[in-house]
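Chain residues, written in single-letter form:
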Amino acid sequence: MKLIAGDIGGTKTTLALYTPRNGPERPLFEGTYPSRSYNSLKAIIAEFTERYDITGVDHAVFGVAGPVVGKRARITNLPWEIDAGYLQTELKIDRVSLINDLQAVAYSIPLLKDEDLLTLNTGVEAPTGPRAVIAAGTGLGEAYLTWDGSRYLAHASEGGHTEFGPTDAIELELLRYLMERFDHVSYERICSGTGIPNIYSFLKDQGRHEEPAWLAESLVREPDATAVIVNAALDSEKTCEICQETMRIFLSVLGAEAGNLALKILASGGVYVGGGIPPRLASIIRQSPFMEAYLSKGRLSSVISAFPVNLILNPKAGLIGAAHFGLDIMDTLP
């Protein structure tokens, strides 16, 4: 049996070919493509299979950054609509399955090793307790896992699109600022690659921090404002207060929402933080307000303080999870 698994995001799409013998952590071939350079997932799959001369594919599983309804999905931060039935026919694959991208990340959790994780809160893991997953990339995704008696099953969520709840005066001002610009201010408007420039603009427009001339030039010159802001915040040689404050607010809000998710599902099996952005902040996240915001839950702070919290460092978690679902989980579901 041959399986194509994919991690389909607003910024990049990664595809890989697997067999049961090699398992979900050892693909035979793998390729990464800039999503916005293609008009469809079909085009990327065609290029991938042609490049590696792949034929006779039996199954395909794609973790997609958006809600999956039946056999269709609309990518939240891409002008793509994906139809599993259409792909199945056009690509001559026996079966094509779509799962939410965070559901795919969640399916990787049981396979991750110690070196794939950075512990933010040790806690005490309940062996079969619910597990929460929150990931900040182009957007903000959330998912959770529950124990079915013999294994963990992952469940999709669109919790990143719930209304943002400020926790201090600055965040309250940020909400007011964003309400003038968007008809719906969700956590994703702040805790994501598309949200970081919103925080930065707030700090700049409100006169809280000055924008250095060199940074203004970089933001005009470079197409990815988020990368510029993150890199400047992490630069140990050139201090950039407005970028550092941007990331402080980002991590505080992300920590608060991680705590919200932990409370909602009572994540005694652990909370896992992933996506493309948080691992880049591994050097500062422990000194940031992330855990303070996570734990700031009033009378129930002591409850979630017992839950382990880990940062996912493995950038291929979504791909591993999609492959795990296709090789080990899909055929056993009722």
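Everything discussed here concerns the structure shown above.
Residues numbered from 1 in each chain as written. Predicted model: local features only at pLDDT ≥ 70, side-chain atom pairs only at ≥ 80, totals over all residues. Heavy atoms only, no water.

Caption draft 1: Structural view of helix 8 (residues 241–265). Taking 1.5 Å per residue as the helical rise, helix 8 with its 25 residues ought to reach 36 Å, and the 36 Å between its terminal C-alpha atoms agrees with that figure. By the criterion of burial, helix 8 is predominantly enclosed, with 20 of the 25 residues buried. A positive backbone phi angle near 45° is found at Leu 266, which sits one or two residues after helix 8. (Helix = DSSP H or I, 4+ residues; strand = E, 2+ residues; numbered from the N terminus. Expected span 1.5 Å × (residues − 1). Buried < 20%, exposed > 50% of the residue type's maximum accessible area, 1.4 Å probe, protein only.)

Caption draft 2: Main features of the packing of aromatic side chains. Scanning all chains against the criterion turns up seven aromatic pairs. Taken together, a centroid distance of 5.0 Å and an interplanar angle of 25° make the contact between Phe 29 and Tyr 52 stacked. Of this pair, Phe 29 sits in strand 3 (residues 29–34) while Tyr 52 sits in the loop between helix 1 (41–51) and strand 4 (59–64); the two residues are 23 residues apart in sequence, bridging distant segments of the chain. Relative accessible area serves as the criterion here: at 32%, Phe 29 is assigned to the partly exposed category. Between Trp 147 and Tyr 152, the aromatic rings sit 5.1 Å apart at their centres with planes inclined by 75°, giving edge-to-face as the arrangement. Given a relative accessible area of 7%, Tyr 152 falls into the buried group. Site record: aromatic cluster; members linked through ring pairs are Phe 29, Phe 48 and Tyr 52. (Phe/Tyr/Trp six-rings, centres within 6.5 Å; stacked < 30°, edge-to-face > 60°.)

Caption draft 3: Quick peek at the pattern of salt bridges. What the rule picks out here adds up to 13 salt bridges. Residue Lys 316 is joined to Glu 30 by a salt bridge in which the shortest nitrogen-to-oxygen separation is 3.2 Å. On the criterion of sequence distance, the pair formed by Lys 316 in the loop between strand 14 (309–312) and helix 11 (317–329) and Glu 30 in strand 3 is long-range, its members being 286 residues apart. Take Lys 316: its relative accessible area is 39%, and that puts it in the partly exposed class. Among the salt bridges present, the one from Arg 208 reaches Glu 173, with a minimum N-O distance of 2.8 Å. Remark: Glu 173 occurs in helix 4 (residues 169–179) and Arg 208 occurs in the loop between helix 5 (196–205) and helix 6 (213–221); sequence separation between them is 35 residues. Residue Arg 208 is classed as partly exposed on the basis of its relative accessible area, which comes to 34%. Its relative accessible area of 30% is what places Glu 173 among the partly exposed residues. (Salt bridge = Lys/Arg side-chain N within 4 Å of Asp/Glu carboxyl O.)

Shape descriptors only; they carry no functional weight alone.
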